[in-house]
Amino acid sequence: MTESLATAASDRELAFEVSGMTCASCVAHVEKALARAPGVAAASVNLATERANLRLTPEADATKIAEAVTEAGYEPVVETYDLGVGGMTCASCVAHVEKALRSVPGVIEASVNLATERASVRALKGPGRFEALRQAVSSAGYEPREIESALASGKDAREEEAQALSRRLVLAAALTAPVFVLEMGGHLIPAFHEWIMANIGHDNAQYVSFVLTSLLLALPGRVFFQKGLATLLHGAPDMNALVAVGAASAYLFSAVSTFAPQLLPAGSAHVYYESACVIVTLILLGRLLETRAKGRAAGAIAALAALAPRVAHVERDGETLDVPTQEVRAGDVVLVRPGERIPADGVVLRGASHVDESMITGEPAPVAKSPGSSVTGATVNGTGAFAFEAKRVGADTFLAGVIRMVEEAQGAKLPIQARVDRVTAVFVPVVFAIAAATFLVWMLAGPEPRLSFALVNAVAVLIVACPCAMGLATPAAIMTGTGRAAELGVLFRKGEALQTLGEARLIAFDKTGTLTFGKPRLTDIVVAPGFKADEALRLAASVEALSEHPVASAIVAAAKEKGLPAAPCREFAAVPGMGARGFVEGKRIAIGAERFMAALGLSTAVFSEAAKKLAEEGRTALYAAIDGRPALLLCVSDAVKPSSAAAIAALHGLGLQVAMITGDHERPARAIGQEVGIDEVVAGVLPDGKVAAVERLREGRKLAFVGDGVNDAPALAAADVGLAIGTGTDVAIEAADVVLMSGDLAKVPTAVAISRATMTNIAQNLFWAFGYNIVLIPVAAGALYPINGTLFSPMLAAGAMAFSSIFVVTNALRLKRFQPPPSAEPRSALQSGAIA
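Residues numbered from 1 in each chain as written. Predicted model: local features only at pLDDT ≥ 70, side-chain atom pairs only at ≥ 80, totals over all residues. Heavy atoms only, no water.

As recorded by an unreviewed UniProt entry, the chain carries the name P-type Cu(2+) transporter and is attributed to Methylocystis bryophila. Taken directly from UniProt, the Catalytic activity (unreviewed entry) text for the chain runs: "Cu(2+)(in) + ATP + H2O = Cu(2+)(out) + ADP + phosphate + H(+)". Under the UniProt heading Sequence similarities (unreviewed entry), the entry covering the chain gives this text: "Belongs to the cation transport ATPase (P-type) (TC 3.A.3) family. Type IB subfamily." (UniProt positions renumbered as here; feature names shortened; annotations may be inferred.)

Below, the structure is given as structure tokens:
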């Protein structure tokens, strides 16, 4: 690692936490491992505080230090720090802030997002780490900001920035107008030139322009010099430096031409006050439009935050108080009146109503709520009233989790951004070099007045170059795309999934709970000779009453419908992917798939004909054995979701292949696959075999897996992209890269389509940003002058540069109008009054 931008000798001391140590021997092992790590001059470890203290040399690397601890068998505690960064204007700013953050001892990884103005840093956890990161940002010339209140204050900060830019722009325009009229009016209208000469005079006109330009650069243009010169002094120039040097060059040359023309070669004493003024004014205009556009791109989070009610009615000390929603505590009893939004997640205690949960489920029908029902914060109560106990409040609510996922996705860097970063890191220094080369070439080989030509073209190169567009091309599209996806009920938990999902060529689905409702019902019972159907079903249901499997619930429900009471079950054991067994009333009961019977050494031949027929109808067969004798054939059927066939048709319309992975037997699995249009069915897969099935299906192509259950979590993690049904388990959602907020499978083609649309948008932005610079920098340097006499004035260069950034952000905003594929039109899972 390199030294920090503002490091003292003490800054090379690093302290961080280490877990897993239990004795003095552990301490010795960790110290020995750290001492061997590159860049560690000395290491001491304290068992009581569980902290390692290191003295580092400049080449120390936090990643290698962490690896040394891990390889020794212990765990370095790594924490993610998030902070806001103000004052960034272009891709070069991002590179400078990232470099400053990485220079802080203990930092493993730093990522800065220009569009969201946030930095995410992974570092070894230790005392003073966050403050050191803030100091690094400040020393690099930018403004560290708190991020805890980003939802509340982020919009205000953008509005304040826009208002400040508006004031500077108005003043700049007022000062620019007379300068532009005096300098350019005479060129455009000969009569006006004569009037100026007669009534104001040549010299007086230049004196007025000098004064007005000086005021403009000192007041509204001061920000470019403050930030630009600071970055120049740090040896890391940014876009502000380009503008400052360009405007200052035009201004100083004009000042010499006005007050000491004898110092310049004959015929070259021209003034360019209007160029200096117009450069600053147009760039201020571009930044204002860009700031407002960035605010609109970030609107999804603000709209999500607006879903939360401001006030909650809480019962405390025998009375009802209206308190801010953020002050509701877990355990509070909260009253909800007709038409109000629910302020927290909880369980109904008394009262009854119907709640509009379309923001979660996408279903328009209100859901009945009564004592014992769960309610979700930000959903809308109907005409009834009820009281509920708050279970999850503040940052733990469902809505807060959604906002957190969107924020993380918007702040992510896609793999494609790495290539962009390598270019932008050297962009501004290269532009300075091109400008210097332009000046020299025109001075050596240009026509007279050489100095004027050399200055104008060098300034045009500085001004036309636009690192802003390159810096915004990817994050602006990510911010808008993930925001629109959230509005449509698709949450990208990891930003990289936004790129990878669009590259997927195969979508693999779990069956139960994903393509089907996951609530099978018992449809057929075949009893073996020597057994009574009801008695055998009662014994089987007594075992299944202790199982959590959906098929077990169907058998228990069927027994209840027949009035067959369950008996106590002893020594219950569930065998994953097989079935369950136990003792009921002294009888040994086993119930499960055919492979379970085979594993127990039991033949199911007595049921073979019936099982074959029912399997062809799409039924799933289970067998019950009593005291080692097959007694029942039980068939269950799980209804296919109405959205499954339409979603798969939409995926086919996107050019994707679709597979299904299930533990069902081949025949019922293929029956369901045929019903919904699956291309490839992988049946008979045990829970621990889903990962192997995913690997086999992948075959060198990108694969996405869609699931909902605990047993889907490994496959979700193993796939290139895992999509979890939001109505599924928390484990599946945590393992997934993308969360579909309802069980509506139309969200799957929506996710794929918006991923592709976002990546197409990024490609368009990058093509424009790079193409713009590749084409216009040579034009500004005068490459066309020998061919057709074309030169690019600094004023036009400033306008083109401002337009470049505006184009990129405006193009990204087109994603706000994204619509799902025609054959998969889901209701907006977050569609409420706050989100359009």
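Chemist: Could you give an account of the UniProt feature "transmembrane region" (unreviewed entry) in the chain, with specific residues and numbers?
Modeler: The positions UniProt marks with the feature "transmembrane region" (unreviewed entry) are residues 169-193, 205-225, 237-259, 271-289, 423-445, 451-474, 766-785 and 791-813. This span, residues 205-225, is 86% helix and 0% strand, and a straight line between its end C-alpha atoms measures 26 Å. Between the C-alpha atoms that bound residues 766-785 the distance is 28 Å, and the span itself is 85% helix and 0% strand. (Helix = DSSP H or I, 4+ residues; strand = E, 2+ residues; numbered from the N terminus.)

Chemist: Tell me what's going on with unusual backbone geometry, and back it up with residues and numbers.
Modeler: In this chain, Glu 448 is followed by Pro 449 through a cis amide linkage whose omega measures -5°. Within the secondary structure, Pro 449 sits in the loop between helix 14 (415-445) and helix 15 (450-464). You will see that Ala 378, though not glycine, has its phi angle at about 80°, which is positive. Within the element layout of this structure, Ala 378 appears in the loop between strand 14 (374-375) and strand 15 (380-381). Using a relative accessible area of 1% as the deciding quantity, one classes Ala 378 as buried. One non-glycine residue, Glu 699, lies in positive phi territory at about 45°. In this structure, Glu 699 sits in the loop between helix 25 (690-698) and strand 27 (703-707). (Buried < 20%, exposed > 50% of the residue type's maximum accessible area, 1.4 Å probe, protein only.)

Chemist: Summarise the pattern of salt bridges; cite the residues concerned and give the values.
Modeler: Using the criterion set out here, one finds 23 salt bridges in the structure. Residue Glu 98 pairs with Arg 102 through a salt bridge whose shortest N-O separation is 3.5 Å. Residue Glu 98 and its partner Arg 102 are located together in helix 3 (residues 91-102), separated by four residues, close to a single helical turn. The exposure class assigned to Arg 102 is partly exposed, which follows from its relative accessible area of 39%. Residues Glu 143 and Arg 145 are paired through a salt bridge, measuring 3.5 Å at the closest nitrogen-oxygen approach. Exposure remark for Arg 145: the relative accessible area of 27% places this residue in the partly exposed category. (Salt bridge = Lys/Arg side-chain N within 4 Å of Asp/Glu carboxyl O.)

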